[in-house]
Amino acid sequence: MFTSFSTALSALGAHTTAIDVVGNNLANLNTPGYKASVVAFSDLVTQSLGAGLGETQVGFGVARPTTIRQFSQGAIQASSGPLDVAIQGDGFLVVRDPNSDSVLYTRGGNLQVNKAGSLVTATGFRLQGWNEVNGVLDTTQPPTDVSVPVGTLRAPVATTGISFDLNLDASATAGPPATTFSTSIEVFDSLGESHTVSTTFTKTANPGEWTYGMSVPDADLTTPPFTAVTGTVQFDSLGKMSAPLVTDPKPGLVVTGLSNGAADLSISWSLYSGAAPRLTQFSEASAVSANSQDGFAAAQLVRVGIGDGGRVLAQYSNGQQVAVGQLAMASIRNPESMIAVGNNNYQLSARTALPAVGLPDTGGRGKIMGGAVEYSTVDIAKEFTNLIVLQRGYQANAKVVTAVDEISQDTINLKR
């Protein structure tokens, strides 16, 4: 009879633990990336009475309940934070503890930058990934702390190539005066100062032939004047450029003795996009449809954000946008075995499979979405229902204690 006390007591303890789990779920109703837990009950060893063949069995109560964290997908909502990310699918962001330097895993995507320029979670854990080094983002190396170039001045890049996509009017004449068309493009030297390269096309008396001259202003030079680079372009009867050929050397412009002391400029002019000529001659007004050059002036960092795929993008004052980092992502086959250690983080347990760390959206890993946050998976209606059921279970087992107490009292009274 007295085993009923311990049986009911085990049930009271189990239901108390289950109510604690429900309370924790509700407490984290608005915690980004939080995964709700459920409780699994199991009975204790059963005693066979009589012949021991199992005709009559009496249990000894309920065992300590097991808490199982369910890693289901949470709702993804847009966020105004430029560094916020959400994971769609399986996987975790990889972080390091700032105190112990141990590796942990998280689904919380509220990110920010600390005073050292490292990308961290809202609770200060350092994000792991890859950084740009000398213009190269090598994701084949082991992941390290992701750094953001806060307050840095990006060095200028001297122009080495230019191109024009343009049409020259087929109705132009050799004159006199000869029809001309001029265009210009801004280029940059090794110090980031801009210069203007002007190109003038002049129609010749030969059908489909134009001459060109490329130059820079004499004011940019220590010993003017500048000798223009000249040449010819030829078009066939269909208006397609036939000379120079795609295999011919590219026209080049070399500028020496810049007045600001910058290194000499050596610029090549690309007349082809692959095998397709960039210049045409049709009976339309001469005009440039596109141009490009590969140099940049020195620039200040304007803002940093994280785009889809986990790329850390830096926007500079010269309009250049550069991927300066890449977030790493870990895939774990049995995430339910991980141990929650607070701050939205998890650590591996002895039963956890070895994580596979790599790029998002590869190897079974989920996607990283920029400008979004994954909400908690706690269902308030479900938790309230569980709370009612668990409360009734606690009350029922409390009644067992009361009933056994009365029976034991009656047994004691038999001696009177």
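In case you missed it, the structure is sitting above this.
In this text, all values refer to a predicted model and were calculated from it rather than measured experimentally.

Visitor: Just to check I follow, could you spell out the pattern of salt bridges for this structure?
Guide: Should the charged atoms of two oppositely charged side chains come close, the side chains can pair. Evaluated as defined, the whole model comprises 7 salt bridges. Among the ionic pairs, D101 bridges to R96, the shortest N-O distance being 3.8 Å. Its relative accessible area of 24% is what places R96 among the partly exposed residues. Between R126 and D145 there is a salt bridge, with its nearest N and O atoms 2.6 Å apart. Remark: D145 occurs in strand 13 (residues 144-145) and R126 occurs in strand 11 (residues 126-133); sequence separation between them is 19 residues. Owing to a relative accessible area of 15%, R126 belongs among the buried residues under this scheme. Several salt bridges share partner residues, and in doing so they unite R96, D101, R126 and D145 into one network.

Visitor: Help me understand a nonpolar patch on the surface, please; the structure alone is not making it clear to me.
Guide: Side chains of I380, F384 and L387 sit close together on the surface and give an oily, nonpolar patch of about 250 Å² of accessible area. For I380, the position within the fold is in helix 2 (residues 380-413). A relative accessible area of 40% means that I380 is categorised as partly exposed.

Visitor: Quick question: what am I supposed to make of the side chain of S349 here?
Guide: Considering the arrangement of structural elements, one finds S349 in the loop between strand 32 (345-347) and strand 33 (356-358). Separated by 2.6 Å, the side chain of S349 and the backbone oxygen of S337 make a polar contact. Within the structure, S349 has its side chain in polar contact with the side chain of T352 (distance 3.0 Å). Those residues in contact with S349, other than ones at most four positions away along the chain, are S337 and I339.

Visitor: How should I be thinking about the pairing of strand 11 in this particular structure?
Guide: Consecutive side chains of a regular strand alternate in pointing toward one face of the sheet and then the other. The buried count for strand 11 comes to 6 of 8 residues, which makes it a mostly enclosed element. Taken together, the 2 bridges between strand 7 (residues 92-96) and strand 11 define a ladder with antiparallel strand orientation. Note on strand 11: the bridge partner recorded for R96 is R126. Pairing of strand 11 with strand 13 involves 2 bridges; the strand directions are antiparallel. Directly across from G129, in strand 13, lies its bridge partner T144. Relative to strand 29 (residues 321-327), strand 11 is paired through 3 bridges, and the arrangement is antiparallel. Following the sheet pairing, W130 is matched in strand 29 by Q326.

Visitor: What exactly am I supposed to notice about the sheet that holds strand 19 (residues 229-235) here?
Guide: Either a parallel or an antiparallel arrangement is found when strands of a sheet pair, and the pairing is made through backbone hydrogen bonds. Strands sit in the order 16-17-18-19-20 across an open sheet of 5 strands; the sheet is antiparallel. Unpaired on one side and paired on the other, strand 16 (180-188) and strand 20 (241-243) mark the two borders of the sheet. On average, each strand axis in the sheet is inclined to that of its neighbour by 30 degrees, with strand direction left out of account. Relative to strand 18 (residues 209-215), strand 17 (residues 194-203) runs antiparallel, the two sharing 6 bridges. Across the sheet, residue T199 finds its bridge partner in strand 18, namely M214.

Visitor: Help me understand the packing of helix 1 (residues 3-27) against helix 2 in this model?
Guide: A packed helix pair is summarised by two numbers, namely the angle formed by the two axes and the spacing between the axes. Running from amino to carboxyl end, helix 1 crosses helix 2 at an angle of 160 degrees, the nearest separation of the two axes being 9 Å. For the element pair helix 1 / helix 2, the angle class is roughly antiparallel. Here helix 1 and helix 2 pass one another in a crossing that is left-handed.

Visitor: Hey, could you run me through helix 1 in this one?
Guide: Given 3.6 residues per helical turn, the α-helix brings residues three or four places apart onto the same face. The terminal C-alpha atoms of helix 1, which comprises 25 residues, lie 36 Å apart, in line with the 36 Å expected from a rise of 1.5 Å per residue. Taken together, the buried positions of helix 1 are A8, S10, A11, L12, A14, H15, A18, V21, V22 and N25.

Visitor: Explain helix 2 here, please?
Guide: Compared with the 50 Å implied by 1.5 Å per residue over 34 residues, the 50 Å span of helix 2 between its first and last C-alpha is a close match. Along helix 2, the residues that are buried comprise E383, L390, G393, N397, V404 and S408. Along its buried surface, helix 2 packs onto helix 1. Its side-chain oxygen at 3.1 Å from the backbone nitrogen of A381, D379 defines the N-terminal cap of helix 2.

Visitor: What is the right way to look at unusual backbone geometry in this model?
Guide: A cis amide bond links P176 with the next residue in sequence, P177, at an omega value of -10 degrees. Here P177 shows up in the loop between strand 15 (161-169) and strand 16. Even without being glycine, D101 reaches a positive phi, approximately 65 degrees. Relative to the elements of secondary structure, D101 occurs in the loop between strand 7 and strand 8 (103-106). Judged by relative accessible area, D101 falls into the partly exposed class, the value being 39%. In this structure, D361 is a non-glycine residue whose phi angle is positive, near 60 degrees.

Thresholds applied
- Residues numbered from 1 in each chain as written.
- Predicted model: local features only at pLDDT ≥ 70, side-chain atom pairs only at ≥ 80, totals over all residues.
- Heavy atoms only, no water.
- Salt bridge = Lys/Arg side-chain N within 4 Å of Asp/Glu carboxyl O.
- Buried < 20%, exposed > 50% of the residue type's maximum accessible area, 1.4 Å probe, protein only.
- Helix = DSSP H or I, 4+ residues; strand = E, 2+ residues; numbered from the N terminus.
- Patch = residues over 30% accessible without salt bridge, like charges linked within 9 Å, V, L, I, M, F, W, Y side chains within 5 Å.
- Areas by Shrake-Rupley, 256 points an atom, 1.4 Å probe, with all protein chains shown as cover.
- Polar contact = N/O pair within 3.5 Å; in protein donor to acceptor, adjacent residues only side chain to side chain.
- Contact = heavy atoms within 4.5 Å.
- Pairing = 2+ DSSP bridges.
- Axes fitted to C-alpha atoms, helices over the stretch in contact; angles between N-to-C directions.
- Parallel < 35°, antiparallel > 145°, perpendicular 65-115°, else oblique.
- Left-handed = near helix turned anticlockwise from the far one by under 90°.
- Expected span 1.5 Å × (residues − 1).

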